[in-house]
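# Architecture at a glance
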Amino acid sequence: MNYSLRQLRVFVTVAHARSFSRAGEMIGLSQSAVSHSVKELELQTGVRLLDRTTREVVLTEAGQQLAVRLERLLDELNSTLRDVGRLGQQLSGTVRVAASQTISAHLIPQCIAESNHRYPDINFVLHDRPQQWVLESIRQGDVDFGIVIDPGAASDLACEVVLSEPFLLLCRDDDPLTFQPQIAWQALQGANLVLQDYASGSRPLIDAALAAQGVNATIVQEIGHPATLFPMVEAGIGISVLPALALPLPQGSRLAVKRLVPCIERQLMLVRRKNRSLSGAAQACWEVVRMQAQRLMEARTRDPLFNDQM
């Protein structure tokens, strides 16, 4: 049978009103539209549902049975739809978010704290992993969304830029470079560099920046955890290029950070599976991350380290 939900609702309304005109007034249809809808339903069912007279509409036995059962079914349908609507707006449950180590350490803690304050019934769970793991976990649906460094073209992912930040030079505070107000990328020519390995989304960007600036440096150490950059550089093993999000420097260290010119930035992105909707709770957490990233950008406008290069 090719009947519509609209036809069923019209019929139930007529059964209650016992009048095409009154039913039309109740549901915002003309009398002729109501009559036509009921006739179509009778054709679909193959039985007469209503007896029409000049003064009233009377349900046949089949119409009476159908009206009683339809009323119960439509009530259940409306209840189900309301429940689904509440579920979609529900701000509770567990939201799983994946991010690389630098992002996890320097942006996500504030996001979790803000989420806990705003949405105490949401359990914001962080998965702290290398970028490729983060991207794969998003694709597999193991997490609701992730925060990554620009992954490039990815037709299966929906990406939104939330933060652009520059790469900076990290060196010892007694390095001759510290006496310059800003450092040209060409000053790294022939230098010994300590960089993160290719598990980091920043490394390909740093390689591209060095190549674009014509810098030929020696990579003396490639490390996995970003925090290891600091003691490596402080020990005099080499200098480094790091993203601004890796700051602040360890307290009491003999390290300095300098601006690199021209300014070359990386972009941090919120990423989810394309064509897949987030739950209400996951969308709320997504908005929290976006808001915290915006706050960080605004704070940097007041920092001399960033003002001169933006």
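Residues numbered from 1 in each chain as written. Predicted model: local features only at pLDDT ≥ 70, side-chain atom pairs only at ≥ 80, totals over all residues. Heavy atoms only, no water.

### So, the pattern of salt bridges
Defined as follows: Just to be clear on terms, a salt bridge is a Lys or Arg side-chain nitrogen sitting within 4 Å of an Asp or Glu carboxyl oxygen. Starting at the N terminus, helices and strands are each numbered in turn, a helix being any DSSP run of H or I of at least four residues and a strand any DSSP run of E of at least two. The classification of residues rests on relative accessible area computed with a 1.4 Å probe and restricted to protein chains. Under 20% of the type maximum is buried, over 50% is exposed, and intermediate values are partly exposed.
One pass over the full model with this rule turns up 14 salt bridges. The shortest N-O distance in the salt bridge between Glu114 and Arg118 comes to 2.6 Å. Taken as a pair, Glu114 and Arg118 lie in helix α6 (residues 108-118) at a separation of 4 residues, close to a single helical turn. Among the residues examined, Glu114 registers a relative accessible area of 14% and is labelled buried. One salt bridge in this structure joins Asp173 and Arg254, with 3.4 Å as the shortest N-O distance. Pair noted here: Asp173 is in the loop between β6 (157-172) and β7 (182-184) and Arg254 is in the loop between β10 (240-243) and β11 (255-261), with a separation of 81 residues, a long-range link. What emerges from the salt-bridge pattern is a single network uniting Arg172, Asp173, Asp174 and Arg254.

### Notes on the pairing of strand β12 (residues 265-273)
As a reminder, the rule being used: For two strands to count as paired, DSSP must find a minimum of two bridges between them.
The pairing of strand β5 (residues 145-149) with β12 spans 4 bridges and is classified as antiparallel. Bridge pairing in β12 places Ile147 opposite Leu270. In this structure, β6 lies alongside β12, joined through 9 bridges in antiparallel fashion. Within the sheet, the bridge partner assigned to Glu160 lies in β12 and is Leu270.

### Focus on the pairing of β6
Along β6, 12 of the 16 residues are buried, which leaves the element largely enclosed by surrounding structure. Relative to β10, β6 is paired through 4 bridges, and the arrangement is antiparallel. Residue Leu169 lies in a different strand from β10, and its bridge partner there is Val241. Examined bridge by bridge, β6 and β11 share 5 bridges and lie antiparallel to one another. Each bridged residue has a counterpart across the sheet, and for Arg172 the counterpart in β11 is Leu255.

So yeah, pure geometry; function would need other evidence.
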